[in-house]
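# Observations on the three-dimensional arrangement
Residues per chain, in single letters:
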Amino acid sequence: LYTDGALNFTEGVERISAYLSRHVRTGRPVHVYYVCGGDNAPFVLAFALRGFCVCVNRHGAEERFREAASDPLVRGNSRIVMVENPDDTADRSSTAVRSGNYTALG
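In what follows, the accompanying structure is described. Quick caveat: nothing in here was measured; it's all calculated off a predicted structure. Positions within a chain are numbered from 1, following the residues in the order the chain's sequence is written. Local features in a predicted model are, by the rule used here, given only for residues with pLDDT of at least 70; side-chain atom pairs are given and counted only at 80 or more, and totals for whole chains, interfaces and linings are based on all residues. In computing side-chain properties, one takes all heavy atoms of the structure into account and sets aside hydrogens as well as water.

### Describing the sheet that holds strand S2 (residues 52-56)
Paired strands are those between which DSSP finds at least two bridges. For the purposes of this entry, the term helix denotes a DSSP run of H or I that reaches at least four residues, the term strand denotes a run of E that reaches at least two, and both are numbered from the N terminus. Pairing is parallel across the open sheet formed by three strands, whose spatial order is S1-S2-S3. A strand with exactly one partner marks an edge of an open sheet, and here the two such strands are strand S1 (33-37) and strand S3 (80-83). Neighbour-to-neighbour, the strand axes of the sheet open up by a mean angle of 15°, direction not taken into account. In terms of strand pairing, S1 meets S2 through five bridges, oriented parallel. Note on S2: the bridge partner recorded for glycine 37 is valine 56. Should any heavy atoms of two residues lie within 4.5 Å, those residues are considered in contact. Inter-axis angles, ranging from 0 to 180 degrees, are taken between N-to-C directions of lines fitted to C-alpha atoms, where helices are fitted over the stretch in contact. Running at roughly 145° to S3, helix H2 (residues 62-69) makes contact with S2 and S3 of the sheet.

What follows is the structure, given as structure tokens:
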């Protein structure tokens, strides 16, 4: 919003984090995490050096998830959290949320 060009996700996360750091008084830094499903697992590499990311494994994306999780830039990287086995298998896709289905978010 209010940009004259494309804005990538890592830059968006950094802008939100900077905004919150200016306007929310805390004793610790504010970290904003980008959250994606295993189908977008290769994208976590964008956060290897800047920003923060959580990637949740999904049915049907296990190979992509494991491949990204085993990358040397991802393994042990405190900026990237890979959730191999989520507590449940409910569909929490952004497509469902955009269509108005919020049942899996509760």
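### As for the pairing of S3
Two elements, S2 and S3, share four bridges in a ladder whose sense is parallel. Bridged to valine 54 within S3 is valine 81. For a crossover, the right-handed case is the one in which the path from the first strand over the helix to the second runs clockwise, viewed with the strands pointing away from the viewer. In terms of handedness, the path from S2 via H2 over to S3 forms a crossover that is right-handed.

### Considering the state of the cysteines
Any cysteine sulfur atom paired with another within 2.5 Å is treated as part of a disulfide. Enumeration over the complete set of coordinates arrives at zero disulfides. With no disulfide of its own, cysteine 36 lies closest to cysteine 55 among cysteine sulfurs, the gap being 3.9 Å. To sort residues, take the accessible area from a 1.4 Å probe on protein chains only and compare it with the maximum for the residue type: under 20% means buried, over 50% means exposed, and anything in between is partly exposed. The class of cysteine 55 is buried, set by a relative accessible area of 0%.

### As for the packing of aromatic side chains
What characterises a pair of aromatic rings is the spacing of the ring centres plus the angle enclosed by the ring planes. Geometry of aromatic contacts follows a simple scheme: Phe, Tyr and Trp rings, the Trp one being its six-membered ring, pair when their centres are within 6.5 Å, and the pair is stacked under 30 degrees between planes, edge-to-face over 60, tilted otherwise. Scanning all chains against the criterion turns up four aromatic pairs. A centroid spacing of 5.4 Å and a plane angle of 70° characterise the contact between tyrosine 34 and phenylalanine 43, whose relative ring orientation is edge-to-face. Under the relative-accessibility criterion, tyrosine 34 is labelled buried at 18%. Among the residues examined, phenylalanine 43 registers a relative accessible area of 28% and is labelled partly exposed.

### A closer look at H2
Count 3.6 residues to each turn of an α-helix, and residues three or four apart come out pointing the same way. Along H2, the residues that are buried comprise Phe65, Ala68 and Ala69. Considered in projection along H2, the buried side chains sweep an arc of 100° and stay on one side of the axis. Away from its buried face, by an angle of more than 90 degrees, H2 presents the exposed residues Glu63 and Glu67. The arc in question is the one traced by the directions running from the helix axis out to the C-beta atoms.

### Observations regarding the side chain of asparagine 77
As for its position among the elements, asparagine 77 is in the loop between H2 and S3. Looking at asparagine 77, the relative accessible area reads 15%, which means it is buried. Of the polar contacts made by the side chain of asparagine 77, one reaches the backbone oxygen of alanine 48; its length is 3.0 Å. Nitrogen and oxygen atoms within 3.5 Å of one another constitute a polar contact, given that in protein one can donate a hydrogen and the other can accept it, and given that sequence-neighbouring residues count only through two side-chain atoms. A polar side-chain atom of asparagine 77 sits 2.8 Å from the main-chain amide nitrogen of arginine 79.

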